[in-house]
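Coordinate analysis (summary)
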Amino acid sequence: MLKSNLFSQIKRQILPKLSSQVERWSGAEIPTLYYSKLGAFQQIEHELPQLTVPYRPTPWLSNTHAHLLYFDMIRKNNVQLEYDQIEQLTMQDGGVTAIAWYGKHLPADTPTIVMMHTITGSPDSMRELVKDLHRYTGWRVALCVRRGHGNLPMPVGKFCLFGSPEDLREQIAHIQTSYPQSTLYGVGSSAGTSLLVRYLGEEGEQSPLRAAFALCPGYDLETGFDHLHRFYSRYMAKKVLKTFVHPHVSVWQSKAGFKQLIAQKELSQLHRSYFEFAGYTSYADYDQAINPIHVFEQIKVPLMILNAEDDPVCNIRNFDPYKDRVRELDHVMVVTTKKGSHCGFYEGMRNPEAWSTKLMADFLKLQHARILKEEKTSCLLYTSPSPRD
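By the burial criterion, the buried members of helix H11 (residues 283-290) are Tyr283, Tyr286, Asp287 and Ile290. Along H11, the residues classed as buried sweep out an arc of 95° about the axis, all on the same side.

Okay, structure coming up:
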């Protein structure tokens, strides 16, 4: 009897307190939401209930660096996925990009997620996000592989760390030709968010992407690396040179800035010195053509953005100058969480899964349901008989 009462007391009083302490220690908190109460997201808290309850990060990944290490070094290398096809495309100037397809067998009118990868991303490194988004939505995924990524040939001396809107237009046009009945949605991860946002801003109301999700953006490219943790800055600079420059020395060595570029140790310095390799005559011209912040306010389709406050790569301070402005924009919403690191957002103890991907999938499915409802209503109005005089 005594043991039974003791067990009941532990269950009733001690375990809840212990659970609460673990949640506080791991950083479990309700996400912070930035959006206009009058725009496209005015009902979002009712439509996506996960935004109103705490995101509970995996306790043993509560440290931001451990979280990122697990995502980048462990999880990426253990996801099994075989793409249906990696289709190389020749751009108008002769450069080579590709589309990595997953779900090509699906019905022609199945929605397609047009995905933009990370700064040195490839079909292999994006397998987890591709696989999970397909699993949660049942949709086709078209990963748009940029020049020089995934061991693509480099016949033209031109590459851009954040992608080319012109190349993306050609890739999307090919996707539309391949699946003309499919509704398109956009997803960008890390550096891929810059290309996504730039494209959406340039296209405005004409965007073929009906809604989009940006995971861990850096916002203004001119200042986005100012708060980057030095270890990751040096690590990423080395990785960029290893991926895009060293394998193609014969293509680059004739350029005036070649020696200066390969001498860079920090990503911010590399970013400011590689504009010639991206096809521009000055950094100012490059920034005006590539930086998404210049067209951020021109976006006219629903865009949800997710950042973690402990992100060591795309620091949350990059968002500070835009908090008030986002609250005035009709089509943009920013969600921030206390924890999540960079593109991780894992939850669960034994088999962690990305909370962010579930949010992404639910948001895109919500937008698709809205579009179908609007199309049905429009069709009914168009076909209904005119009232008699």
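It is worth spelling out the environment of Leu81 at this point. Mapped onto the elements, Leu81 comes out in the loop between helix H3 (64-75) and strand E2 (85-90). Between the C-alpha atom of Leu81 and that of Arg127, which follows or precedes it by 46 residues, the distance is 6.1 Å. Once residues lying within four places of it in the same chain are set aside, the contact partners of Leu81 are Tyr102, Arg127, Val130 and Lys131.

For the rest of this paragraph, the subject is the pattern of salt bridges. Overall, the coordinates contain 23 salt bridges when judged by the stated rule. Ionic pairing is found between Arg75 and Glu128, a salt bridge with its closest N-O pair at 3.4 Å. Highlighted residues: Arg75 in helix H3 and Glu128 in helix H4 (residues 127-137), separated in sequence by 53 residues. Take Arg75 and Glu128: they sit in the same class, and that class is buried.

Let us look at the side chain of Thr58. Looking at the element boundaries, Thr58 is found in the loop between helix H2 (44-47) and H3. Each residue touching Thr58, except ones within four places of it in the same chain, is listed here: Tyr346, Glu347, Gly348 and Pro352.

What follows covers the packing of helix H5 (residues 165-178) against helix H6 (residues 191-203). Running from N to C, H5 and H6 point in directions that differ by 80°, and their axes come no closer than 10 Å. Viewed along their axes, H5 and H6 adopt a mutual orientation that is roughly perpendicular. Facing Pro165, Leu168, Arg169 and Ile172 of H5, the residues of H6 in contact are Leu195, Arg198, Tyr199, Glu202 and Glu203. A per-class count over the contact of H5 with H6 returns five nonpolar, no polar and four charged.

Our focus in this paragraph is the side chain of Thr112. Mapped onto the elements, Thr112 comes out in strand E4 (residues 112-116). Judged by relative accessible area, Thr112 falls into the buried class, the value being 0%. Within the structure, the side chain of Thr112 is placed 2.8 Å from the side chain of Arg140, a separation counted as a polar contact. Once you skip the residues sitting within four places of it in the chain, Thr112 turns out to touch Arg140, Ala142, Ile175, Ser182, Thr183, Leu184 and Tyr185.

The tally for this structure, following the rule as stated, stands at 22 aromatic pairs. Arranged with centres 6.1 Å apart and planes meeting at 35°, the rings of Phe162 and Phe225 form a pair that is tilted. On the criterion of sequence distance, the pair formed by Phe162 in the loop between strand E5 (140-145) and H5 and Phe225 in the loop between strand E7 (209-215) and helix H7 (230-245) is long-range, its members being 63 residues apart. Comparing Phe162 with Phe225 shows no difference in burial state: the two are buried. Put simply, the rings of Phe159, Phe244, Trp252, Tyr274, Phe277, Tyr280, Tyr283 and Tyr286 touch in pairs and so form one group of aromatic residues. Across from the ring centre of Trp101, 5.3 Å away, lies the NZ or CZ of Lys104, which sits over that ring. Sitting over the ring of Tyr179, Arg140 keeps its end group 3.7 Å from the ring centre.

Criteria and cut-off values
Residues numbered from 1 in each chain as written. Predicted model: local features only at pLDDT ≥ 70, side-chain atom pairs only at ≥ 80, totals over all residues. Heavy atoms only, no water. Buried < 20%, exposed > 50% of the residue type's maximum accessible area, 1.4 Å probe, protein only. Helix = DSSP H or I, 4+ residues; strand = E, 2+ residues; numbered from the N terminus. Arc of directions from axis to C-beta. Contact = heavy atoms within 4.5 Å. Salt bridge = Lys/Arg side-chain N within 4 Å of Asp/Glu carboxyl O. Axes fitted to C-alpha atoms, helices over the stretch in contact; angles between N-to-C directions. Parallel < 35°, antiparallel > 145°, perpendicular 65-115°, else oblique. Nonpolar A, V, L, I, M, F, W, Y, C, P; charged D, E, K, R; others polar. Polar contact = N/O pair within 3.5 Å; in protein donor to acceptor, adjacent residues only side chain to side chain. Phe/Tyr/Trp six-rings, centres within 6.5 Å; stacked < 30°, edge-to-face > 60°. Lys NZ or Arg CZ within 6 Å of the ring centre and 35° of its normal.

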